[in-house]
Amino acid sequence: MKKYKLIIITGVSGTGKTTLGTALAEKLQIPFYDADHFHPAENIAKMSAGIPLNDDDRKPWLEALATKLKESKTSGGCVLACSALKEQYRKILSIDPAIHWIHLKGDRDLIWERMKARKNHYMKAEMLDSQFATWEEPNYGYKLSIDQSPQAMLEEVLDFLKK
């Protein structure tokens, strides 16, 4: 059986999930998927209008991500960047007990500044507070502070994965 790695990087918008996920996938030579690219058009339109998604909006999106994880398990693994703010969302994504969860954590003001600097992204900085209000911090996985360089974050995650 081919060895695989399934890694899910979670956290509120603006924590660096995509930056870390891309670098990690490149280092491990497995595909990277950004959950944002799996949203249906209706969800993107809602978020672009500054309206937070509800659980009904998220369900088909999360199911599509779970399907992608199952496919990736049979082809060697992947890194998925997904906010996965609530435990019920993470349960849908928990298609295998061997998933490595990386939870990005950071100060709201630091994240706010990063989000304001982003261009051409449908997730507006003004929605950050709703993400923090929704976030249910898990009691499993690796908690990684974003108050460091992307390279330092990558090295810390690689050390965690070696254990």
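Being a predicted model, the structure only gives us computed values, none of them experimental.

Enquirer: Lay out the pattern of salt bridges with the relevant residues and their values.
Expert: Once their charged atoms are close, side chains differing in charge can pair, the charge on each being opposite to the other. Per the stated rule, a full pass over the model turns up ten salt bridges. Linking R90 and E87 is a salt bridge whose minimum nitrogen-to-oxygen distance equals 3.1 Å. Of this pair, R90 and E87 both sit in helix α4 (residues 87-93), separated by three residues, roughly a single helical turn. Salt-bridge contacts for K143 lead to E137; the nearest nitrogen and oxygen are separated by 3.3 Å.

Enquirer: Could you give an account of helix α3 (residues 55-74), with specific residues and numbers?
Expert: With 20 residues, α3 ought to run about 28 Å at 1.5 Å a step, and its terminal C-alpha atoms sit 29 Å apart, in line with that. When α3 is considered as a whole, its buried residues turn out to be D57, R58, W61, L62, L65, A66, L69 and S72. Along its buried surface, α3 packs onto β1 (5-10), β2 (32-34), α2 (41-48), β3 (77-81) and α4. The N-cap of α3, judged by a side-chain oxygen 2.9 Å from the amide nitrogen of D56 a few residues on, is N54. In the segment just after α3, G76 is the residue with positive phi, at about 110 degrees.

Enquirer: Kindly report on the sheet that holds strand β5 (residues 142-145), identifying the contributing residues and their values.
Expert: Pairing within the open sheet is parallel, and its five strands lie in the order β2-β3-β1-β4-β5. Among the strands making up the open sheet, the edge pair consists of β2 and β5. Mean inter-strand twist for the sheet, computed between neighbouring axes without regard to direction, equals 20 degrees. With four bridges joining them, β1 and strand β4 (residues 100-105) adopt parallel strand pairing. What sits directly across from I7, in β4, is H100.

Enquirer: Requested: an account of the pairing of β1, with residues and values cited.
Expert: In terms of residue burial, β1 counts as a mostly covered element, since five of its six residues are buried. In the sheet, β1 pairs with β3 via five bridges, with the strands oriented parallel. Within the sheet, the bridge partner assigned to K5 lies in β3 and is G77.

The rules behind the values
- Residues numbered from 1 in each chain as written.
- Predicted model: local features only at pLDDT ≥ 70, side-chain atom pairs only at ≥ 80, totals over all residues.
- Heavy atoms only, no water.
- Salt bridge = Lys/Arg side-chain N within 4 Å of Asp/Glu carboxyl O.
- Helix = DSSP H or I, 4+ residues; strand = E, 2+ residues; numbered from the N terminus.
- Expected span 1.5 Å × (residues − 1).
- Buried < 20%, exposed > 50% of the residue type's maximum accessible area, 1.4 Å probe, protein only.
- Contact = heavy atoms within 4.5 Å.
- Polar contact = N/O pair within 3.5 Å; in protein donor to acceptor, adjacent residues only side chain to side chain.
- Pairing = 2+ DSSP bridges.
- Axes fitted to C-alpha atoms, helices over the stretch in contact; angles between N-to-C directions.

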